[in-house]
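# Structure assessment
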2 protein chains.
Amino acid sequence: MLNVLTRDEAVALIKEKTAQFVPETEKVNISSALGRTLAQDIVSKENIPSFDRTTVDGYAVIAEDTFGAGNSAPVQLDIAGEILMGENADFTLERGQCAKISTGGMLPKGANAAVMVEHTDSGEGLCLIYKSAAPYENVTKTGDDISQNETALKKGTVITPAQIGVLSALGVYEVPVYKKPVIAVISTGDEIVKDNPEKGQIRDINTYLLSSAVKNYGCEVYEYGAVRDSREEIENAVKSCIKKADAVLISGGSSAGTRDMTVDITDTLGKAYFHGIAMKPGKPTIFGIVENKPVFGLPGHPLAAYFVFRLIVTEYIKNIMNMHADKPEKSGSLAVNIPSNHGREEFLCVKFNENNEVVPLHTKSGIVSVLSEAEGFIRIPRNAEGMFKGTAVEIYEL
Amino acid sequence: MLNVLTRDEAVALIKEKTAQFVPETEKVNISSALGRTLAQDIVSKENIPSFDRTTVDGYAVIAEDTFGAGNSAPVQLDIAGEILMGENADFTLERGQCAKISTGGMLPKGANAAVMVEHTDSGEGLCLIYKSAAPYENVTKTGDDISQNETALKKGTVITPAQIGVLSALGVYEVPVYKKPVIAVISTGDEIVKDNPEKGQIRDINTYLLSSAVKNYGCEVYEYGAVRDSREEIENAVKSCIKKADAVLISGGSSAGTRDMTVDITDTLGKAYFHGIAMKPGKPTIFGIVENKPVFGLPGHPLAAYFVFRLIVTEYIKNIMNMHADKPEKSGSLAVNIPSNHGREEFLCVKFNENNEVVPLHTKSGIVSVLSEAEGFIRIPRNAEGMFKGTAVEIYEL
């Protein structure tokens, strides 16, 4: 009989046993990099911007020339030239000179500030400056955005549009990312049918729910489909999935015996490490390794299966790709008391009520609509003596 | 000269002028539905579950038979049969009878509760019940999850794994979604080059940043690329994009004249409605309609362009697909004072410090790395007299 672990123990064990299963790296074009995970630090080869740029339309100046300028006492400067956008400003500003410049334009040598056109008057090669400029006022200096040799993005970063912006600024058009781990999904249960359920039967939910959760987490899915609660069928499914995927999820079956079958098959084909986590939902979670590939046994109830995916399986995914840790996404105060959970760490789907308080959604096992209605979930620690109305709670993304 | 609007006025005008541009509907297989937007309410044709199911392994009973049962006074019932998983329980339980049942199994007629196997003892066709069951204890009743004719999912819902779960429970394998709007992205600026920038030039950031933002919002992108600040080039780009896309985004150019060119081209090819929103960043935003397609002029600075996309363009996308409104995702308290913003609604990138306080990230125009570093953004209302350290602020997702 395998031990029941706490969630922390379970996650630590999974991390230890899967640490070496780092996916291979590939390069993808920046246009396909959204949602992928960086496999290397991105170190800037250059300064961004690579030249001092003005942030206003107006005149590039030597700041010191403008000191003391004001509405009643403008400073007069010679217009030494105009800097066109995209042009290398290859002349040097001397004291007493200025140059016409547009937002984003390159400052000529010698210039160290810019004055907005609104604070100037010009004509006949001369410009009156009505406002003094501090050194580097209205200027983005070389390397202000990203400096040369700076680590601009860290390995393990999941690429969002913001990171795409940084990659394009650096000219990294071929982006080193981890190959998507392929995760197989097997659904088991004698009551599960593909469609048109008779009385006593239900449609396969977990195949679709878990497959989309896998994809949503940046992995590829190998959808095996549903099998009956038969040792032979499950064993064949696992063997087949181990060949095609990097990890296997088996959800269900609902009958008590199936869970033992899953442990048994895992232990026959490889090694089972635990059977049971002190968390609710998710108690009957199984973890093992078969042919250097992790096998997770998930509960049959869709809601419980989803929570085990979200809290346990994603820790494996994050670990092998160095992804950054989960952070609570929102917080709020409880609208009601929540009773003690008697020693199991508990997770509850919640939503916000009209007063923006956090309301736990009452769930019975097997209810999938709650997941769809929820705006997140909260965590009740092990051995909490219940939580009172008004308690501040952190809400995690489903 | 077109008026400068407040953001609310701008969004209201965009919604009014684009309300009829609802995308066509298509059906996609449930396996491809993740991230798409529902084009119809999903009304359940049946009860889920379609039969009373037990949530435990044990015995289906008539609750009234068990009343008064306890450890020292068990109730004895005849075992009338066993219900296998997936089987139609087509017999009726009489008073004094029970039936063996597994989690998820169908209750026989007459039964209205289940007792966990842990609270029973059985042998020789008889079962001792040591705990009384209330009516419907340990039972999910017909339609408890989703009832017949209930609207299970609303039109405009963006499909997450949770919704995939509901769709599969209902047997909706072909999902009615909106066709992805195609949004064209044009980047302008004489200083912008595809790669290998010389002094005075910078790489094209906005094409990649905005294209990925468009994709991230569930739309398709038509990437036109960068053009110079020439009336002819921009006009040709807009004409070409209008033919291929449902909406056009033009970012930049940095020079003052280009923005007027964009307004002018929009007004020549169609009609420009506004040029300027009282928000920071994002002031020089342009909106018009050409051949029944919206055209948005965005600032050239990547950060400002992204904010206008996130706050203005997405309102158009959400409007035509009935997507649900934005909600703040997190909240926190300010780590520092923020000065008054003098009448413009202001948006600031922020991150959390080690004390979990909210720190605004200092940005100069044109800085893209801030976007990547930020954990969200906050909004300073128009005419706010500044905000003090400790003020609770809501944080929106970037």
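These notes cover the structure that comes with them.

Conventions used here
Residues numbered from 1 in each chain as written. Chains lettered and ligands numbered in written order. Predicted model: local features only at pLDDT ≥ 70, side-chain atom pairs only at ≥ 80, totals over all residues. Heavy atoms only, no water. Axes fitted to C-alpha atoms, helices over the stretch in contact; angles between N-to-C directions. Helix = DSSP H or I, 4+ residues; strand = E, 2+ residues; numbered from the N terminus. Parallel < 35°, antiparallel > 145°, perpendicular 65-115°, else oblique. Left-handed = near helix turned anticlockwise from the far one by under 90°. Contact = heavy atoms within 4.5 Å. Nonpolar A, V, L, I, M, F, W, Y, C, P; charged D, E, K, R; others polar. Pairing = 2+ DSSP bridges. Least-squares fit on C-alpha atoms with pLDDT ≥ 70 in both. Core = buried A, V, L, I, M, F, W, Y, C linked by side-chain atoms within 4.5 Å. Buried < 20%, exposed > 50% of the residue type's maximum accessible area, 1.4 Å probe, protein only. Phe/Tyr/Trp six-rings, centres within 6.5 Å; stacked < 30°, edge-to-face > 60°. Lys NZ or Arg CZ within 6 Å of the ring centre and 35° of its normal. Buried area = accessible area lost by both parts, 1.4 Å probe. Salt bridge = Lys/Arg side-chain N within 4 Å of Asp/Glu carboxyl O.

### Quick look at the packing of helix α4 (residues 206-216) of chain A against helix α7 (residues 302-320) of chain A
Residue and element names in this part refer to chain A. Where α4 meets α7, the axes come as close as 10 Å, and the angle between the chain directions of the two elements is 20 degrees. In terms of axis orientation, α4 runs roughly parallel to α7. Taken as a pair, α4 and α7 cross one another with a handedness that is right-handed. When α4 is examined against α7, the residues N206, L209, L210, A213 and V214 are found in contact with a partner set consisting of P302, A305, Y306 and F309. Looking at the contact of α4 with α7 residue by residue, the classes come out as eight nonpolar, one polar and no charged.

### Considerations on the sheet that holds strand β16 (residues 220-227) of chain B
Residues and elements named next belong to chain B. In spatial order, the strands read β16-β13-β17-β21-β20-β18; together these six strands make up an open sheet with mixed pairing. Only two strands of the sheet have a single partner each, and these edge strands are β16 and β18 (271-275). Each strand axis lies, on average, 15 degrees off the axis of its neighbour in the sheet, ignoring direction. As judged from the five bridges shared by strand β20 (residues 286-290) and strand β21 (residues 293-298), these two strands associate in the antiparallel manner. Bridge pairing in β21 places F287 opposite F296. Each of β13 (182-188), β16, β17 (247-251) and β21 is contacted by helix α4 (residues 206-216), which is oriented at about 170 degrees to β16, the strand it contacts most. Relative to β16, helix α5 (residues 231-244) is tilted by about 170 degrees, and along the sheet it contacts β13, β16, β17, β20 and β21.

### What to know about the relation of the copies chain B and chain A
With an RMSD of 0.1 Å, chain B superimposes on chain A once it is rotated by 180 degrees and translated 0.0 Å along the axis. A rotation of that kind, with that shift, is consistent with a two-fold axis. Both copies contact each other with a shared surface, as 99% of the interface residues of chain B are interface residues in chain A too.

### Focus on the nonpolar core
Counting residues in hydrophobic clusters, the biggest one holds 68 residues, and the most contacted among them are L249, F296, I312 and I317 of chain A together with V175 of chain B. Examining the composition of this core, we find that twelve residues originate from one element, α7 of chain A, more than from any other. Setting aside residues up to four positions removed in sequence, L249 of chain A forms contacts with I183, A184, V185, I186, V214, F296, L298, F309 and V313 of chain A.

### A closer look at the packing of aromatic side chains
Summed over all chains, the structure comprises 19 aromatic pairs over all chains. Here the aromatic rings of F347 of chain B and F377 of chain B are separated by 6.0 Å at their centres, their planes lie at 75 degrees, and the arrangement is edge-to-face. With a gap of 30 residues between them, F347 of chain B in strand β23 (residues 345-352) and F377 of chain B in strand β25 (residues 376-380) connect regions that are remote in the sequence. Linked through ring pairs, Y273, F274, F287, F296 and Y316 of chain A together constitute an aromatic cluster. In this structure, K141 of chain B is placed above the aromatic ring of Y136 of chain B, and the distance from its NZ or CZ to the ring centre is 4.2 Å.

### Let's talk about the interface of chain B and chain A
Tallying the contact residues gives 72 residues for chain B and 71 residues for chain A. Carbon and sulfur atoms supply 53% of the area buried between chain B and chain A, which totals about 6,000 Å² over both sides. Connecting chain B to chain A are three salt bridges. R203 of chain B is the partner of E46 of chain A in a salt bridge, and the nearest nitrogen-oxygen pair spans 2.9 Å. Mapped onto the side of chain B that touches chain A, the elements with two or more residues apiece are β10 (139-140), α3 (161-170), β15 (202-203), α4, α6 (256-269), β22 (330-333) and α8 (369-373) of chain B. At nine residues, the largest contribution of residues to the side of chain B that touches chain A is made by α3 of chain B. Taken together, the residues that form the side of chain B that touches chain A break down as 27 nonpolar, 24 polar and 21 charged.

### Overview of the pattern of salt bridges
Here the structure, examined in full by the defined rule, presents 29 salt bridges over all chains. A salt bridge links E16 of chain A to K17 of chain A; its shortest N-O distance comes to 3.5 Å. The exposed category is assigned to E16 of chain A, whose relative accessible area is 54%. Between E191 of chain B and R53 of chain A there is a salt bridge whose closest N-O contact spans 4.0 Å. Of this pair, E191 of chain B sits in the loop between β13 and β14 (192-193) while R53 of chain A sits in strand β3 (residues 53-54), on two different chains. Judged by its relative accessible area of 1%, E191 of chain B is buried. Salt bridges sharing partners connect three or more residues here, namely R231, E235, K239 and D264 of chain A.

### Considering the sheet that holds strand β6 (residues 97-101) of chain B
Sheet strands line up and pair through hydrogen bonds in the backbone, either parallel or antiparallel. Residue and element names in this part refer to chain B. Judged by pairing direction, the sheet is mixed, and its six strands sit side by side in the order β7-β4-β6-β5-β9-β8 without closing on themselves. Two strands lie at the open edges of the sheet, namely β7 (113-116) and β8 (120-123), each paired on one side alone. For this sheet the average axis-to-axis angle between neighbouring strands, irrespective of direction, equals 35 degrees. As judged from the three bridges shared by strand β4 (residues 58-61) and β6, these two strands associate in the antiparallel manner. Each residue of the ladder has a partner; that of Y59, found in β6, is K100.

### Observations regarding the environment of K100 of chain B
Residues and elements named next belong to chain B. Take K100: it is sitting in strand β6. Looking at K100, the relative accessible area reads 38%, which means it is partly exposed. Between the C-alpha atom of K100 and that of C127, which follows or precedes it by 27 residues, the distance is 9.5 Å. When sequence neighbours within four positions are dropped, the list of residues in contact with K100 reads G58, Y59, G81, E82 and I83.

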